[in-house]
Amino acid sequence: MSSKKRTVSEVLEDDSDRQTRRRAAVETVPVRDHSLAYPSILASAKPVPFQQPLPLLTFSYTPDRLLEFTDSALRYYVEPPKRAELRYGYERWVRRPEEKGRLDGLLKAVSKVRTRMDAGGSDGGAWLRDVGVISWRGVMTKILTAPYEQRDGWEMNVMEVNGTLYLEEHLSDARLAEKNDIVPHHRLQSYYGYSFESWSTSSKSGPRETVEGHLPGWGGDVDTNVQWCSVVKTKLGDTRIVIGGEVDCVRGTFTGKTDTFVELKTSLAIRGPQDEAKFEKKLLKFYFQSFLLGVPEIVVGFRTPSGQLTTLQSFKTIEIPRLVRGKPGAWDPLICLDWGYRFLSFLKSVIHPRYDDTAILVGKGNTEEANTKARVWRVKFVQGSGVSVSPLDDSGVGEVEGDEDRVGFLPKWYWDGLQVPDPIHNKEEDVSEEPHNQDLERTTATPAVSLPRGWQI
């Protein structure tokens, strides 16, 4: 039986139809959720090695919110006046509005590190491809402390490029509006923390400088646009992590390392066992916020409900777990680190760099080839339960991108600089550097710093 020969144009049209049907089939595949339950906080956890954070660079944000690779925003610790009024300067507070948790500033720092490495004869691109996670310190703190979170759930966006996971906190427009429409009472309480930083820091090392026209000891009116940030590299298990975060001040001098970093916190004065229990719960986040950046000291200013400073106490970060160990309802950092490692491993197993039947194309206005190189995933943290992970559809990706020049949530300039070779990049494991299996309380060990006793509670 003879058959009619097909023309080249007919063959091409048929092939195009098959490709169209294949793409349509992919788009109609139901989105699958992947879930991971939180560990029991009553069970013991195996120790997961955590490498001492090592500094990569620092940068500053100016009052105009411009990022510059200088230490212009660096502050130096000075002991605040006793009975300092934390309400002072409230009317002059320049408050930066809440924004989406973009990675842009941190990515500029990462690009700077790559450039320095390339200029020094190293391969900055190879270094970046060996990094497993890039995130702000606040996101990593939320991840690690999630098993003990009893009040608030939250969401995170994730992208995987060249074997590196990029994490940003997700805030919807409605949630942003809610955070910016803060009630006066809560707004004042949040100011107390910034005011304590002003009372406790100076722009110069040595004796406190005098700010003309203000109360003695005042370090200057609060402007939350201004920040001094540190970027460090560390390792959780076999996952290399680059973390950026704000550093409040240094004690004495800035050595270029993290050994003189100081974190400043405020808390209500402890009046009894119930207050003490609440404070010990707060120490969990205090601990990990400093632990992740290699900050060795936390100074807490205790205050009255009306905002008057009453007592001051300095804590060594590595000693904080001992303060709560064995107490009712105590938290265990080993559970947090083990959970963090399992969570990151879980993310890697779910979020593949290949184009498969769960792929959602991202990058409005880009070519189809570029679109297949990344996807945006949403991670939902549910208090007391666990996490779920699912790819975003076109509408969800559009919300993440907004009207900005982005591929997913990554800025287009950064995406272009990655020069992704292909969408099926399998990252090879580097076993040349084994994580240091240290005792947990010595993992952030830094040269001993002589600390004053402060005002005892």
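In this text, all values refer to a predicted model and were calculated from it rather than measured experimentally.

Some remarks on the overall build of the protein chain
Step number 1: Looking only at helices and strands, the protein chain features twelve helices and 18 strands.
Step number 2: Out of the 457 residues in the protein chain, the part that is buried amounts to 48%.
Step number 3: Sequence separation of 24 or more characterises 76% of the internal contacts of the protein chain that already satisfy a separation of 6 or more.
Step number 4: Accessible surface, the protein chain as shown: approximately 22500 Å² in total, 50% of it carbon and sulfur.

Section: the packing of aromatic side chains
Step number 1: The full count for this structure, using the stated rule, is 26 aromatic pairs.
Step number 2: A centroid spacing of 5.3 Å and a plane angle of 45 degrees characterise the contact between Trp-93 and Tyr-191, whose relative ring orientation is tilted. Here Trp-93, found in the loop between strand 4 (76-77) and helix 2 (104-119), pairs with Tyr-191, found in helix 6 (residues 184-199); they are 98 residues apart in sequence, far enough to count as distant.
Step number 3: Assessed through its relative accessible area of 8%, Trp-93 is described here as buried.
Step number 4: Over the ring of Tyr-88 we find Arg-92, and its NZ or CZ is 5.2 Å from the ring centre.

Focus on the sheet that holds strand 7 (residues 164-170)
Step number 1: Spatially, 1-16-15-6-7-5-10-9-2-3 is the arrangement adopted by the ten strands of the open sheet, whose pairing is mixed. Each having just a single partner strand, strand 1 (34-37) and strand 3 (67-68) make up the two edges of the open sheet.
Step number 2: One ladder, built from seven bridges, connects strand 2 (residues 54-61) with strand 9 (residues 227-236); its direction is antiparallel. Residue pairing across strands places Pro-55 opposite Val-232, the latter belonging to strand 9.
Step number 3: Across the sheet, helix 2 touches strand 2, strand 3, strand 5 (133-136), strand 7, strand 9 and strand 10 (239-246), and the angle it forms with strand 2 is around 125 degrees.
Step number 4: Docked against the sheet, helix 7 (residues 273-293) engages strand 9 and strand 10, running at close to 110 degrees with respect to strand 10.

Description of the pattern of salt bridges
Step number 1: A complete count under the given rule lists 20 salt bridges for this structure.
Step number 2: Between Arg-87 and Glu-91 there is a salt bridge whose closest N-O contact spans 2.8 Å.
Step number 3: In this structure, the salt-bridge partner of Lys-265 is Glu-263, at a minimum N-O distance of 3.4 Å.
Step number 4: Judged by relative accessible area, Lys-265 falls into the buried class, the value being 15%.
Step number 5: Sharing partners across several salt bridges, the network here consists of Arg-102, Asp-104, Glu-168, Glu-404 and Arg-406.

A short note on the pairing of strand 14 (residues 309-316)
Step number 1: Inspection of the sheet shows strand 13 (residues 297-303) paired to strand 14 by seven bridges, in the antiparallel sense. Along strand 14, the bridge assignment pairs Glu-297 with Lys-316.
Step number 2: Connecting strand 13 to the next strand, strand 14, in antiparallel fashion are five residues, including Gly-307 with a positive phi near 95 degrees.

Observations concerning helix 2
Step number 1: In this model helix 2 runs 22 Å from its N-terminal to its C-terminal C-alpha over 16 residues, within 8% of the 22 Å that 1.5 Å per residue would give.
Step number 2: By the burial criterion, the buried members of helix 2 are Gly-105, Leu-106, Leu-107, Ala-109, Val-110, Ser-111, Val-113 and Arg-114.

As for the packing of helix 4 (residues 137-145) against helix 9 (residues 333-350)
Step number 1: It is the contact of helix 4 with helix 9, at a shortest axis distance of 8 Å, that shows an interaxial angle of 110 degrees. Between helix 4 and helix 9, the crossing angle belongs to the class labelled roughly perpendicular. Contacts from Ile-143, Leu-144 and Thr-145 in helix 4 reach Cys-336, Leu-337, Trp-339, Gly-340 and Phe-343 in helix 9.
Step number 2: Looking at the contact of helix 4 with helix 9 residue by residue, the classes come out as six nonpolar, two polar and no charged.

What about the confidence of the model for the protein chain?
Step number 1: Taken as a whole, the protein chain shows an average pLDDT of 84; of its residues, 80% reach a score of 70 or greater.
Step number 2: Low pLDDT (under 50) marks residues 18-30, which in the prediction has six contacts with non-local residues, meaning those over four places away or in another chain.

A few points about the side chain of Thr-234
Step number 1: Mapped onto the elements of the fold, Thr-234 is located in strand 9.
Step number 2: Here the side chain of Thr-234 touches Gln-51 through a polar contact of 2.5 Å, landing on its backbone oxygen.
Step number 3: When residues no more than four places from it in sequence are discounted, the contact partners of Thr-234 are Phe-50, Gln-51, Gln-52, Pro-53, Thr-239, Arg-240, Ile-241 and Ile-243.

So, the nonpolar core
Step number 1: Ranked by size, the top nonpolar core spans 60 residues in total, and within it Ile-143, Met-156, Leu-167, Phe-343, Leu-347 and Phe-381 carry the most contacts.
Step number 2: Excluding residues within four positions of it along the chain, Met-156 makes contact with Val-139, Ile-143, Leu-167, Glu-168, Glu-169, His-170, Phe-343, Leu-347, Trp-377, Arg-378, Val-379 and Phe-381.
Step number 3: With 30 residues, the next largest nonpolar core counts Tyr-61, Leu-103, Phe-409 and Trp-415 among its residues.

Some thoughts on the packing of helix 7 against helix 9
Step number 1: Two elements in contact, helix 7 and helix 9, have axes whose closest approach is 12 Å; the angle formed by their N-to-C orientations is 55 degrees. In terms of axis orientation, helix 7 runs oblique to helix 9. Taken as a pair, helix 7 and helix 9 cross one another with a handedness that is right-handed. The residues of helix 9 that touch helix 7, namely those facing Leu-284, Tyr-287, Phe-288 and Phe-291, are Pro-333, Cys-336 and Leu-337.
Step number 2: Split into classes, the residues belonging to the contact of helix 7 with helix 9 amount to seven nonpolar, no polar and no charged.

The rules behind the values
Residues numbered from 1 in each chain as written. Predicted model: local features only at pLDDT ≥ 70, side-chain atom pairs only at ≥ 80, totals over all residues. Heavy atoms only, no water. Helix = DSSP H or I, 4+ residues; strand = E, 2+ residues; numbered from the N terminus. Buried < 20%, exposed > 50% of the residue type's maximum accessible area, 1.4 Å probe, protein only. Contact = heavy atoms within 4.5 Å. Areas by Shrake-Rupley, 256 points an atom, 1.4 Å probe, with all protein chains shown as cover. Phe/Tyr/Trp six-rings, centres within 6.5 Å; stacked < 30°, edge-to-face > 60°. Lys NZ or Arg CZ within 6 Å of the ring centre and 35° of its normal. Pairing = 2+ DSSP bridges. Axes fitted to C-alpha atoms, helices over the stretch in contact; angles between N-to-C directions. Salt bridge = Lys/Arg side-chain N within 4 Å of Asp/Glu carboxyl O. Expected span 1.5 Å × (residues − 1). Parallel < 35°, antiparallel > 145°, perpendicular 65-115°, else oblique. Nonpolar A, V, L, I, M, F, W, Y, C, P; charged D, E, K, R; others polar. pLDDT = per-residue confidence, 0-100. Polar contact = N/O pair within 3.5 Å; in protein donor to acceptor, adjacent residues only side chain to side chain. Core = buried A, V, L, I, M, F, W, Y, C linked by side-chain atoms within 4.5 Å. Left-handed = near helix turned anticlockwise from the far one by under 90°.

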